[in-house]
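# Structural overview for review
The residues making up each chain are set out below.
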Amino acid sequence: MENINSETHSPVTEDGVVISQNNSILLQNNITQECLYVPITIGVLREFGLVEEFSHSISEQHKEQENETKIWTTENTLFLIDIVEKFDKEFASGIKKNVWEKVTQQCKHLHKNINEKQCETKWKTLKRYKTVLLHNNTSGQKKRYWEFFDVMHDIMHNKPEITPDTVCSSMTGLHVNKEVAVPDLSPCSSKEDKENENISNKDYESSFSRKRKAKMSEADRRHQEKMKRLDNFNDLFQKMIDKM
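Residues numbered from 1 in each chain as written. Predicted model: local features only at pLDDT ≥ 70, side-chain atom pairs only at ≥ 80, totals over all residues. Heavy atoms only, no water.

### Side note on the overall build of the chain
Across its full length, the chain holds 11 helices and 8 strands. Out of the 244 residues in the chain, the part that is buried amounts to 25%. Carbon and sulfur atoms provide 51% of the accessible area of the chain, an area that totals close to 18300 Å². (Helix = DSSP H or I, 4+ residues; strand = E, 2+ residues; numbered from the N terminus. Buried < 20%, exposed > 50% of the residue type's maximum accessible area, 1.4 Å probe, protein only. Areas by Shrake-Rupley, 256 points an atom, 1.4 Å probe, with all protein chains shown as cover.)

In structure tokens form, the structure reads like this:
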């Protein structure tokens, strides 16, 4: 974001009142006249002399932050993780808004003011697990500690966005993640199951592999045509020699 201070920008007012929305105030660049919304913080309000005018907003933000801290204790956060895991299949196949309503109902006893937005937002912050995982798996990096890493790893490490079913590389070809993608080949599997497995295995063929095979087939076709032309030329040449 560009450098914003009282020398470069001025609050935009309407009828003597600074225009604001969604906890942001509207500022105008003193040179370019361009306007932009800037989040309300105590630092911004002090810079533009608006602390008294927006004291209510600061108070509300402070209350919200305190409320979030009270709700998401370690114990409550672990409870939310457990509930979200129980609704995993519904999240994958249903309407997420409806599922979050069910999750919130299960969490109502945690705090009287808890709502769907708070549960969903907290879950999104918990998905930072992926960032910690990538960091810790990077060679040479100092390992990060996060108190919810182990429990999140137990339910997230097999997710497609964390561990893809298949990975295609021009160096190693197609790699199938056996932990996630290998079908059940137990003796009790039915004939229909095995047929489905064969279809599923065919799906693992990557677009890279198909393109590679297509190029090889094209090269073979051109080679066959070239050899046929050469044979025709040899036959014609032999006939000319015979006539001589």
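### Overview of the side chain of N136
Mapped onto the elements, N136 comes out in helix α7 (residues 129-136). Residue class for N136 comes out buried when judged on its relative accessible area of 10%. At 2.8 Å, the side chain of N136 forms a polar contact with the backbone nitrogen of R144. If we skip the residues at most four places from it in the chain, N136 touches K142, K143 and R144. (Polar contact = N/O pair within 3.5 Å; in protein donor to acceptor, adjacent residues only side chain to side chain. Contact = heavy atoms within 4.5 Å.)

### Some words on the packing of aromatic side chains
Going through the model one piece at a time under the given rule, you end up with 3 aromatic pairs. Aromatic pair Y129 and F149: ring centres 5.2 Å apart, planes at 40 degrees, arrangement tilted. Remark: F149 occurs in helix α8 (residues 149-156) and Y129 occurs in helix α7; sequence separation between them is 20 residues. We classify Y129 as buried; its relative accessible area is 0%. If you follow R128 out to its NZ or CZ, it ends over the ring of W146, 5.0 Å from the centre. (Phe/Tyr/Trp six-rings, centres within 6.5 Å; stacked < 30°, edge-to-face > 60°. Lys NZ or Arg CZ within 6 Å of the ring centre and 35° of its normal.)

### A word on the packing of helix α3 (residues 74-86) against helix α5 (residues 96-107)
Here α3 crosses α5 at 140 degrees, and the two axes come no closer than 10 Å. By the angle between their axes, α3 is oblique relative to α5. Viewed along their axes, α3 and α5 form a crossing whose handedness is right-handed. Across from F79, L80, I83 and V84 in α3, the residues of α5 making contact are W100, V103, Q106 and C107. Its residues assigned to classes, the contact of α3 with α5 comprises 7 nonpolar, 1 polar and no charged. (Axes fitted to C-alpha atoms, helices over the stretch in contact; angles between N-to-C directions. Parallel < 35°, antiparallel > 145°, perpendicular 65-115°, else oblique. Left-handed = near helix turned anticlockwise from the far one by under 90°. Nonpolar A, V, L, I, M, F, W, Y, C, P; charged D, E, K, R; others polar.)

### Points about the nonpolar core
In this structure, L80, V103, W123, L126, W146 and M152 are the most contacted members of the largest nonpolar core, which totals 26 residues. Of all elements in the fold, only α3, α5, α6 (116-126), α7 and α8 reach the threshold of two or more residues within this core. Not counting residues up to four positions away in its chain, the partners in contact with L126 are T77, L80, I81, W146, F148 and M152. Counting residues in each nonpolar core, the second largest holds 11 residues, with I4, I40, L45 and L50 among its members. (Core = buried A, V, L, I, M, F, W, Y, C linked by side-chain atoms within 4.5 Å.)

### Here's the deal with the environment of W146
Here W146 is to be found in the loop between α7 and α8. In this structure the C-alpha to C-alpha distance between W146 and Y129, which are 17 residues apart in sequence, comes to 8.4 Å. Apart from the residues lying within four places of it in its own chain, the contact partners of W146 are L126, R128, Y129, V132 and M152.

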